[in-house]
Amino acid sequence: MPCERHLILKNIRKPGYSTDIECYLRHGGYEVLRKALALQPAAQPDGTTLGPKEQIRREVEISGLRGRGGAGFSCGMKWSLVDRKSGKPVYLVCNADESEPGTFKDRQIIHHDPHQLIEGMIIACYANDVHLAFIYIRGEFIEGARILDRALEEARAAGFLGRNILGSGYDLDIYIHRGAGAYICGEETGLIESLEGKRPYPRIKPPYFPAVLGLYQCPTIVNNVETLCAVKHIVGMGGAEYARLGTPDNTGTRLVCISGHVKRPGCYEIEVGKVTFRDLIFDEAFGGGLLDGRQLKAIIPGGVSAKVFRAGEKVRVNKRTADGKMIETEMDVLDLPYDFTSVSAAGSMSGSGAIIVLDNSADMVEVLANISEFFAHESCGQCTPCREGSLWMAKILRRLAKGRGQPADVALLLSVADQIPGGRTICAFGEACSWPVQSFLVKFGDEFRAKAEANADKKSDRAFAETQ
Amino acid sequence: MKQSQQSNDPLAAPPGMISVTVDGRTVLVPRTMPDWQGRQVPTTMLQACELAGVTVPHYCYHPKLPVAGNCRMCLVEYGVPALGPDRKPMRQPDGSLVIKKSPRPAIACATPVSPGMEIYTSTPTVKLMRQSVLEFLLINHPLDCPICDQAGECKLQEYSVEYGRASSRFVETKVHKNKQVDLGPRIMLDQERCILCSRCIRFTRDVVGDDALGIVNRGSYSAIAAYPGTTFDNNYTLNTADICPVGALTSKDFRFQMRVWFLKETMSLCASCGTGCNIVIGSRENRIYRFTPRQNDAVNSCWMCDYGRLNYRWIERADRLTNPGGTKLTKPDWEDAINGIAAGLKQTIPGHIAIVASARLTNEELYLVRRLAQFLGAPTDCAPRSGPADNLLLCADRNPNTKGAQLLGIAASLPGANLPVFARLIRNGTIRSLLVFGEDVTRHGIAPEDLARLDFLVASDIHSNGTTMISHYFLPGCAHVEKRGSFTNVHGRIQKFEKAVDPPGLARPELYWLSELVCRVTGQSVGRTVESVFEAMRAEVPAFRNIAWADLEDHGVATSV
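Residues numbered from 1 in each chain as written. Chains lettered and ligands numbered in written order. Predicted model: local features only at pLDDT ≥ 70, side-chain atom pairs only at ≥ 80, totals over all residues. Heavy atoms only, no water.

Asks: Would you explain the domain arrangement of chain B in this entry?
Replies: Interface size, as often reported, equals the accessible area lost upon joining of the parts. Residues and elements named next belong to chain B. Each domain of chain B was delimited in the assignment, giving domain 1 (2-122), domain 2 (140-316) and domain 3 (334-558). Just the C-alpha atoms count here: the centres of domain 1 and domain 2 sit 32 Å apart. When domain 1 packs against domain 2, close to 1400 Å² is buried across both sides, 63% of that on carbon and sulfur atoms. When residues of domain 1 are sorted by the area they lose upon contact with domain 2, Tyr59, Lys64 and Leu65 head the list and together hold 47% of the total. Viewed at the interface, domain 2 and domain 1 are joined by 1 salt bridge. Between Lys64 and Asp297 there is a salt bridge, with its nearest N and O atoms 3.0 Å apart. (Domains from an automatic or database assignment. Buried area = accessible area lost by both parts, 1.4 Å probe. Salt bridge = Lys/Arg side-chain N within 4 Å of Asp/Glu carboxyl O.)

Asks: Sorry, what's going on with unusual backbone geometry here?
Replies: As a rule of thumb, non-glycine residues mostly have phi less than zero, and peptide bonds are mostly trans rather than cis. Residue and element names in this part refer to chain A. In this chain, Lys205 is followed by Pro206 through a cis amide linkage whose omega measures 0°. With respect to the secondary-structure elements, Pro206 resides in the loop between α8 (188-195) and β6 (220-224). The backbone of Asp129 shows a phi angle near 60°, a positive value even though the residue is not glycine. (Helix = DSSP H or I, 4+ residues; strand = E, 2+ residues; numbered from the N terminus.)

Asks: How should I be thinking about the pairing of strand β20 (residues 433-437) of chain B in this particular structure?
Replies: Residues and elements named next belong to chain B. Most of β20 sits out of view: 5 of its 5 residues are buried. Alternating residues of β20 divide into Ser433, Leu435 and Phe437 and Leu434 and Val436, and every residue in both groups is buried. Two strands pair when backbone bridges link them, and strand β18 (residues 353-357) and β20 are joined in this way by 5 bridges, in the parallel orientation. When the sheet's bridge partners are listed, Ala357 is paired in β20 with Phe437. Sheet topology note: the β20/strand β21 (residues 456-461) ladder contains 5 bridges and is parallel. Pairing of Leu435 across the sheet is with Val458, part of β21. (Buried < 20%, exposed > 50% of the residue type's maximum accessible area, 1.4 Å probe, protein only. Pairing = 2+ DSSP bridges.)

Asks: Is there a simple way to think about the interface of chain A and chain B in this case?
Replies: Taken together, the contact pairs 39 residues of chain A with 39 residues of chain B. Carbon and sulfur atoms supply 52% of the area that chain A and chain B bury against each other, a total of about 3100 Å² over both sides. The partner of A:Arg399 in a salt bridge is B:Glu172, and the shortest N-O contact between them spans 2.8 Å. Across the contact surface, chain A and chain B share 20 residue pairs in polar contact (both at pLDDT 80 or more). In terms of residues, the side of chain A that touches chain B owes the most to one element, helix α14 (residues 384-401) of chain A, which gives 10 residues. (Contact = heavy atoms within 4.5 Å. Polar contact = N/O pair within 3.5 Å; in protein donor to acceptor, adjacent residues only side chain to side chain.)

Asks: Even after reading the chapter, I still don't get a nonpolar patch on the surface, so can you show me in this structure?
Replies: A cluster of nonpolar side chains, A:Phe73, A:Met77 and A:Leu81, forms an exposed patch at the surface whose accessible area comes to about 290 Å². For A:Met77, the location among the structural elements is in helix α4 (residues 75-80). (Patch = residues over 30% accessible without salt bridge, like charges linked within 9 Å, V, L, I, M, F, W, Y side chains within 5 Å. Areas by Shrake-Rupley, 256 points an atom, 1.4 Å probe, with all protein chains shown as cover.)

Asks: Would you take a moment to explain the pairing of strand β2 (residues 17-22) of chain B for this structure?
Replies: The two faces of the sheet receive side chains in turn, since in a regular strand these alternate between them. All names here are of chain B. Most of β2 is tucked away: 5 of the 6 residues are buried. When β2 meets strand β3 (residues 25-30), the two strands line up antiparallel, connected through 6 bridges. Across the sheet, Val20 pairs through a bridge with Val27, a residue of β3. Between the antiparallel neighbours β2 and β3 lie 2 residues, among them Asp23 with a positive phi of about 50°. Note that β2 and strand β9 (residues 118-120) share 2 bridges and pair parallel. Counterpart to Thr21 in the pairing with β9 is Glu118.

Asks: Help me understand the nonpolar core in this model?
Replies: Across soluble globular proteins, nonpolar side chains have a tendency to be buried as a group. Judged by nonpolar contacts, the single largest core of 88 residues is most densely connected at A:Phe440, A:Phe448, B:Tyr59 and B:Leu183. Ranked by residue count, the leading element in this core is helix α13 (residues 364-378) of chain A, at 7 residues. Apart from residues lying up to four places away in sequence, B:Tyr59 is in contact with B:Cys71, B:Met73, B:Leu134, B:Leu137, B:Lys155, B:Leu156, B:Tyr159, B:Ile195, B:Cys197, B:Arg199 and B:Pro245. Core analysis: the next-biggest nonpolar cluster, separate from the first, contains 65 residues, A:Cys125, A:Ala133, A:Tyr170 and A:Val231 among them. (Core = buried A, V, L, I, M, F, W, Y, C linked by side-chain atoms within 4.5 Å.)

Asks: Quick question: what am I supposed to make of the sheet that holds strand β10 (residues 266-271) of chain A here?
Replies: Strand-to-strand pairing in sheets goes through backbone hydrogen bonds, with the strands running parallel or antiparallel. Residue and element names in this part refer to chain A. Reading across from one edge, β10-β9-β15-β11-β12 is the order of the 5 strands in this open sheet, with mixed pairing throughout. Here the strands that pair on one side only, and so sit at the sheet edges, are β10 and β12 (309-310). Here strand β11 (residues 296-300) pairs with strand β15 (residues 354-359) via 4 bridges, running antiparallel. Counted as the bridge partner of Ile300 is Ile356 from β15.

Asks: Just to check I follow, could you spell out empty space enclosed by the protein for this structure?
Replies: With a probe scaled to a water molecule rolled over the atoms, the places where space remains empty come into view. A full pass over the atoms with the stated rule returns 5 cavities of 30 Å³ or more. Taken as a whole, the largest cavity spans an internal volume of roughly 100 Å³. Lining the largest cavity we find 13 residues, and of these A:Glu388, B:Asn140, B:Lys177, B:Glu192 and B:Cys194 sit closest to its centre. Taken together, the residues of the lining of the largest cavity break down into 5 nonpolar, 4 polar and 4 charged. (1 Å grid on protein atoms, 1.4 Å probe; cavity = no way out; pocket = protein on both sides within 12 Å on 5 of 7 lines; lining within 4 Å. Points joined across faces, edges and corners; volume = space filled by probe spheres on them. Nonpolar A, V, L, I, M, F, W, Y, C, P; charged D, E, K, R; others polar.)

In structure tokens:
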């Protein structure tokens, strides 16, 4: 029986659970922080000694935790890349700029359990010798910022933040910075620029790898809200224990946001890789199935920038057999386990954990036009292919959706989409805006062609363009 | 850069060098090269390609600005030596390196080279990437080159021809923006022509230190703007029109005055202060249309100030002196004038004659003045000219050749210190004769009534002035754009400039008639060409001893003094 597995959402769903620090403390809050700060140097089998901070970092590495923001990069690896010998301060920034359409998981944590995030942050900061950290919160999350602000005040008053935290001699403060309403601020280097008070233009890499040259040109860790919460649980239960949750390479639990044409849209916490798309969409414990009389048409598996799956699509993924061998198997997309590796092997990504379910009532041209409109609006405009390409694609799609298409549009659209991704842009927004177009056109090409050709005899494009 | 010959192994480069292969050609490049501020930083792919003689097209990259990496025009493919399980480079049976091609392209402007790297700039993928960047830049760009002022020196035009596609696939409505933004007193912005390379922003922020420009709005609607409530007004704004690769930023002074392909380009110097910025004069049919900076890293990098750039209109003022004249000259004839002056000078007595020469004259002209002064036993001086300096190029000394005048002994360390003395000696009758070359001494402490007491007053200048009007003889001189010669800048750098336009009427370069006067008065000839006078000066003046005219080349030479 597929079911949820709650670590992060454990308390949130309890009746009467509030954002007050007293409530958090009653539920065992800040105990993991106490444990972390009380760690003593430990002798290793090889005769060396491992300091408390290194022990935490090792636990996170052992846990196999992969970043929950979208890229799924190993958190332990990210921390290991930090330049700790530069002599400069190390900063930690919590990325709470949750903006990927379909994603609403970080907001659950911020709105309902802010102290869980703060505790995770303090532990992560302690492990990385950070004395100043920021929560970069999306500008639209006004209520979230207010709740976090109050929670930080409470934590300060309780001695969990500020000087000499819990008598450990460790100092840390956390500040909230509200964004001004731009999707690109979720890109870590764009976020850092914004935090520095500039336009959130993502930085070029090399040389600006945040682990070396981040905030104020200092080594910087940028972690997602959910990732930092997971750190708390890893330190609480031990990295090895955490790694037993989920599947190898896709350990632990993860929040999944199910939206679209399902009966029970919402945020669910699953063991990574232990449930399939079929479970998430149809099982009573999750999406609860489609609306009555509808058929599944498409699944967007990880936020709108992820490549779409067509219902009934067969995907080929590597599967580990009982004797440990990897064999390539073909399966229906619905049988694909929801984890970073499988979804990526199937040609898309689980991204921010946002599953958007589309049934047969959806007009795929309209859907893609809507998605492209979003990306054209959110392109920061710094580099050429994304700045110009995103709006061009949106304009073609707008035309198609309004019944003013022409037969050449589909090929043109695909060609424009092909000119943007693959490392031609400064940041991954180039991929984000072109992947949906590429995948929609490949998988639902007939719908686009039909729409384009149905209007081929109508008023010419150019004439329409003039009236736009 | 040297072709590596001794060894085929790209990993065995000499110390401080890296061997890279650009389009199949292996070259040695320095491990580090100067960045925009001259600091040694790891050599980039773009620099390596330049050293290999391969052009990588680019818009946002400028060697004197911090790297932005936003235009994506310089994307190239590359590969690096593949490492085996032992973390050592793998080799083919013939010993050559196994190269692992990167699946993603890199921007050549910002990516450092590494030993053994192979850079591919002409693969089908790279060509397609350039083509698509150009297509993206053009979809919302006006396609009206015939009425654009940048036409002829536009990187969009040039790269479109070289790397672009012939036809447009764009049938949507273009994004419309403001086409006439009055950014500041000297700069106009056409937002539709802008390709958002951010060169202007970086220049004024990072080079000038005036964070005046930014980008407003987002995505394709992005536009350059001055901060709300401010105008783009510092002394370097016009450089943004130079570095703007397209027709977005234009100089109000030059825009729509002349098609650039008609302009004759002359290598010259700015004469508006002692810095001596290297410039190119754009002229046509004997008319100056613009000054633009010419790169000289020892002087002005790629920049010049607005003050100097726009200081040329006086050249064609109506009150130019166009023929010799004076109260003792009956007809405007050079022969008569020279004869009269030479005759007058032969009667002067050492100690009773003084010379004021302009620090706007060339080294060669001032040397001729020196010869004259030495023969006549005349004390000399220059008229000082100063104004506020700024922190970049503009210097407080507004004469282009004060240093030359000092090295030649025309002026002392404090130019103008002799002028009150001359005034006093004129008033008490000691000085009976005065020669003034290129100045109006009535504006420098010698009153017209004092000049009226002189037995013999000779003056020259470009425009009619208070001194020429009452002189016995006056001679029409030339603006520096109308002659050849050299200046010595405040740091002692000797730089030459060429003639761009002809002087008006009978006006002649000072060198022409000064050499004649020297010959008539002293009986010694130093020749009539800039080169011959320079040679004579070299032989006599220590500061110039080790420098030949030919050594000056395009960027001048620092004096040893």
